[in-house]
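Read off the chains here:
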Amino acid sequence: NAGVTQTPKFQVLKTGQSMTLQCAQDMNHNSMYWYRQDPGMGLRLIYYSASEGTTDKGEVPNGYNVSRLNKREFSLRLESAAPSQTSVYFCASSRDLSNQPQHFGDGTRLSIL
Amino acid sequence: AQSVTQPDIHITVSEGASLELRCNYSYGATPYLFWYVQSPGQGLQLLLKYFSGDTLVQGIKGFEAEFKRSQSSFNLRKPSVHWSDAAEYFCAVATTYNNNDMRFGAGTRLTVKP
């Protein structure tokens, strides 16, 4: 009963490097999301995918790209990492855009030096 | 745009004591309101939600929350706290019935003393 799986759990990058965060869900959900969580702030939505084949910007999309590879997988890419992107990243999924709850993964802790 | 404020960054209560976590929202119409809990190293789990109807909402793990329109509040309560309740709690608000519209508060960290 995996739910939402994120890889890797931890990563350290140098400024300017690129990286892709992976997310997969096994609940046959249509909608998937990427959030970032910073100290003293709540989660902020980066991008979301309402259904397979669609992606849309959230509240803080700058510096990121996403790919909805298939119904199960939704990846987040940092093309040129910046220290301001140091954060904990959460992937989530839901049956559809209007359905709660969202099911969250355990997060990826990303540090950019 | 809608926003949510959790005035308390950190709260400590003794095991068995009652708990109230505060949440205030800013939005002109009736919002959709949520409380999530995050245990260390894990993602968020939905405790309860309010969409309409009865202003007292029951959730999982013995939690409840009350929507007070006049105070723009949605406070979370539990009559008797257990050590396993130690976690971070997030209030969230949405203006539409869509997850992409949700805004989260900064969170309240709960410590439970034995």
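The preceding data block contains the structure.
Residues numbered from 1 in each chain as written. Chains lettered and ligands numbered in written order. Predicted model: local features only at pLDDT ≥ 70, side-chain atom pairs only at ≥ 80, totals over all residues. Heavy atoms only, no water.

Enquirer: An account of the overall build of chain A is requested, with residue identities and associated values reported.
Expert: Each helix and strand in chain A was counted, giving zero helices and eleven strands. Starting at the N terminus and ending at the C terminus, chain A contains elements arranged as β-β-β-β-β-β-β-β-β-β-β. Relative to a compact globule of 113 residues, whose C-alpha radius of gyration would be 13 Å, chain A shows 13 Å and is just as compact. On the principal axes, the C-alpha backbone points of chain A span a range of 35 × 25 × 25 Å. Residue burial in chain A is summarised as follows: out of 113 residues, 47% are buried. Contacts spanning at least 24 positions in sequence make up 55% of the contacts within chain A whose residues lie at least 6 apart. Charge-centre separation for chain A: the mean point of 11 positive side chains lies 5 Å from the mean point of 9 negative side chains. (Helix = DSSP H or I, 4+ residues; strand = E, 2+ residues; numbered from the N terminus. Rg over C-alpha atoms; globule rule 2.2 N^0.38 Å. Buried < 20%, exposed > 50% of the residue type's maximum accessible area, 1.4 Å probe, protein only. Contact = heavy atoms within 4.5 Å. Lys, Arg positive; Asp, Glu negative; His and termini not counted. Charge placed at Lys NZ, Arg CZ, Asp CG, Glu CD.)

Enquirer: Which residues make up the interface of chain A and chain B, and what values do they have?
Expert: Listed per partner, the contact involves 22 residues of chain A and 20 residues of chain B. Together chain A and chain B conceal approximately 1,700 Å² of surface at their shared face, both sides included; 52% is due to carbon and sulfur atoms. Counting across the chain A and chain B interface gives one salt bridge. The interface formed by chain A and chain B contains four residue pairs in polar contact (both at pLDDT 80 or more). (Buried area = accessible area lost by both parts, 1.4 Å probe. Salt bridge = Lys/Arg side-chain N within 4 Å of Asp/Glu carboxyl O. Polar contact = N/O pair within 3.5 Å; in protein donor to acceptor, adjacent residues only side chain to side chain.)

By themselves, these figures tell us nothing about what the structure is for.
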